[in-house]
Amino acid sequence: GRGEAAGMAFVTGQGGAGRLRKGVLEGEGALARGVCTSPSRLQMVFGGAPPALGKYRVKVMQKDRCTVVDVVSDQNLRVALMANNIDVYTLGGKFRNCGGNGACGMCIVDVQEGLWSLTPRTLKEESLLNGKPASWRLACRASITGEGLVVGTKPQ
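Procedures and definitions
Residues numbered from 1 in each chain as written. Predicted model: local features only at pLDDT ≥ 70, side-chain atom pairs only at ≥ 80, totals over all residues. Heavy atoms only, no water. Salt bridge = Lys/Arg side-chain N within 4 Å of Asp/Glu carboxyl O. Helix = DSSP H or I, 4+ residues; strand = E, 2+ residues; numbered from the N terminus. Buried < 20%, exposed > 50% of the residue type's maximum accessible area, 1.4 Å probe, protein only. Contact = heavy atoms within 4.5 Å.

Participant: Is there a simple way to explain the pattern of salt bridges in this structure?
Facilitator: It is possible for side chains of opposite charge to pair when their charged atoms get near one another. Applying the stated criterion across every chain yields a total of 5 salt bridges. Notably, a salt bridge pairs Asp 70 with Arg 57, separated by 2.7 Å at the nearest N-O pair. Here Asp 70 is found in strand S7 (residues 65–72), whereas its partner Arg 57 is found in strand S6 (residues 55–61), with 13 residues between them in sequence. Taking the relative accessible area as the measure of exposure, Arg 57 reaches 6% and is therefore buried. The shortest N-O distance in the salt bridge between Glu 126 and Arg 121 comes to 3.4 Å. Connected via shared salt-bridge partners are Asp 87, Lys 94 and Lys 154.

Participant: Even after reading the chapter, I still don't get the side chain of Gln 62, so can you show me in this structure?
Facilitator: Inspection of the secondary structure assignment puts Gln 62 in the loop between S6 and S7. Every residue in contact with Gln 62, bar those within four places of it in the chain, is listed here: Thr 67, Ile 86, Asp 87 and Thr 153.

And the structure:
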């Protein structure tokens, strides 16, 4: 589902939605303060059980919205994002990407929280991201190994 709060839309991978009224986020009978502050906060707002063992929730910050997606352990980040209709490429990247083979450096995400929740950078990734912030990763070269991951798409 989709919603809008304080100028930011939010979506959950479970189809829940809510709205902000006087600083309180309302959704499916639950109340909480804040918008997309953590995967567990959204779970409380929208209900539903926590992910099963071996599954994790990833929060994805895009320009105008926040999306929470459920992924399985060791799933490739690019595959997980694209499976949930989250665009990892800029306009130029849509035409020049390598299809997830780790050769172009176009699927960059900014890991805002939970860097430990991804596999370490590969040598190829280090080469492609030389001079970029340590929090930047290639989505095609990172696999999800734990909870608490927050990524931003298309960093500048």
